Amino acid sequence: MRIFLDVFMSNETIVTAAMLAIGDELLSGRTKDKNIGHLADVLLLAGIDLKEVRIVADDEDAIVSALNALRSQYDYVFTSGGIGPTHDDITADAIAKAFGVPCEHDAEAMRLMGEMYARREMEFTEARQRMARMPLGSKHIANPVSTAPGFNIGNVYVMAGVPQVFQAMLDNVIPTLKTGARVLSTAISCPYGEGEIGTPLGLIQKAHPDTSIGSYPRYVGQFFSTEIVVRGRSAELVENVAAEVRAMIETIRQSKAKENQSAEA
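It should be emphasised that the depicted structure is a prediction, and the values quoted were computed from it without experimental measurement.

1. As for the sheet that holds strand β10 (residues 212–220)
Strand pairing in a sheet relies on backbone hydrogen bonds. The paired strands run either parallel or antiparallel.
Next, step 1: Strand order across the open sheet formed by 3 strands is β9-β11-β10, with antiparallel pairing between neighbours. Looking at which strands have only one partner, the edges of the open sheet turn out to be β9 (184–190) and β10. Neighbouring strand axes in the sheet, compared pairwise and without regard to direction, differ in orientation by 20° on average.
Next, step 2: Where β9 lies against strand β11 (residues 223–232), 7 bridges are found, and the strand directions are antiparallel. By the bridge assignment, S185 is partnered in β11 with R231.
Next, step 3: This element, helix α8 (residues 194–207), spans β9, β10 and β11 of the sheet and lies at about 170° to β10.

2. Here's the deal with the UniProt feature "domain: MoaB/Mog" (unreviewed entry) in the chain
Next, step 1: Residues annotated by UniProt as "domain: MoaB/Mog" (unreviewed entry) correspond here to residues 18–180.
Next, step 2: In this annotation, residues 18–180 is assigned 40% helix and 22% strand; the end-to-end C-alpha distance for the span is 15 Å.

3. Re a nonpolar patch on the surface
Next, step 1: Residues L27, V53 and I55 make up a contiguous nonpolar surface patch of about 230 Å² in total accessible area.
Next, step 2: In this structure, I55 sits in strand β2 (residues 48–56).

4. Considering a negative patch on the surface
Next, step 1: Residues D24, E25, D59 and D88 make up a contiguous surface patch of negative charge.
Next, step 2: Tracing the chain through its elements places E25 in helix α1 (residues 24–28).
Next, step 3: For E25, a relative accessible area of 30% gives the class partly exposed.

5. A word on helix α5 (residues 107–119)
Helical periodicity: at 3.6 residues per turn, an α-helix aligns residues three or four positions apart in one direction.
Next, step 1: Between the first and last C-alpha of α5 there are 18 Å, a value that for 13 residues agrees with the 18 Å anticipated at 1.5 Å per step.
Next, step 2: Considered for burial, the residues of α5 that qualify are A109, M113, M116 and Y117. Buried residues of α5, viewed axially, fall in a sector of 95°; they line one side. Facing away from the buried side of α5 by more than 90 degrees, the exposed set consists of A107, A118 and R119.

6. Let's talk about the packing of aromatic side chains
Next, step 1: For the structure shown, the criterion picks out 5 aromatic pairs.
Next, step 2: Their ring planes at 70° and their centres at 6.0 Å tell us that Y76 and Y157 sit as a pair that is edge-to-face. Linking Y76 in strand β3 (residues 76–80) with Y157 in strand β8 (residues 156–159), this pair joins segments that are 81 residues apart in sequence.
Next, step 3: One aromatic cluster is present, formed by Y76, F78 and Y157 through successive ring pairs.
Next, step 4: Lying over the aromatic face of F99, R71 brings its terminal NZ or CZ to 4.0 Å of the ring centre.

Reading the values: rules and limits
Residues numbered from 1 in each chain as written. Predicted model: local features only at pLDDT ≥ 70, side-chain atom pairs only at ≥ 80, totals over all residues. Heavy atoms only, no water. Pairing = 2+ DSSP bridges. Helix = DSSP H or I, 4+ residues; strand = E, 2+ residues; numbered from the N terminus. Axes fitted to C-alpha atoms, helices over the stretch in contact; angles between N-to-C directions. Contact = heavy atoms within 4.5 Å. UniProt positions renumbered as here; feature names shortened; annotations may be inferred. Patch = residues over 30% accessible without salt bridge, like charges linked within 9 Å, V, L, I, M, F, W, Y side chains within 5 Å. Areas by Shrake-Rupley, 256 points an atom, 1.4 Å probe, with all protein chains shown as cover. Salt bridge = Lys/Arg side-chain N within 4 Å of Asp/Glu carboxyl O. Lys, Arg positive; Asp, Glu negative; His and termini not counted. Charge placed at Lys NZ, Arg CZ, Asp CG, Glu CD. Buried < 20%, exposed > 50% of the residue type's maximum accessible area, 1.4 Å probe, protein only. Expected span 1.5 Å × (residues − 1). Arc of directions from axis to C-beta. Phe/Tyr/Trp six-rings, centres within 6.5 Å; stacked < 30°, edge-to-face > 60°. Lys NZ or Arg CZ within 6 Å of the ring centre and 35° of its normal.

Next comes the structure, spelled out in structure tokens:
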């Protein structure tokens, strides 16, 4: 059996998170999001459950509404996009509004960015200074790629939409977060399609609510098959449920063999 993330933490705390991806370009399809999948992978390894993802337009009221809903429900909220230098980069203003604080030019961010542009012999324009604005009381999220920091306020972590910068910022955030029990998983190859396994697999899931059983159909040539993935926070539980899944597959195999024998007779 292949059990992944096999270092099981004794801490049974479940830590939850949500993501808010911001930008008209995401909703129009002009930009293909790469940050959601990366965040999901990183949080899984850290023992944090990503429970919800929302994508909203560059609209202040939409951002405020979504953020307030998410931050009240989950331990952490991660945002991406809308902290650049253009007129439609309104994320900092919207988050300040959600927290009821002013959005101001941060003195340390202004210093860092001013020095960076001076080294590059570029003008620190008014537009570029917009990237130093953040809600009053925020803490910086370091940006080793392009200097302009993200920020953290409350349980909200605000990061750039550019994937390279988002990933670099996230690397600085993850070590500061509380984590919970990690999710373990094992994958089982099943030679039958979902139409044949759906009912018995559903009964196994119902009997083990502390696990999550996913089925992922495959079609090769003229035949359907399925990869079944069992997830849980206990190695013993995952192993036991996986054994039940394998027994289910064997039961189906035997039933089909009897049907074939009857047909041949």
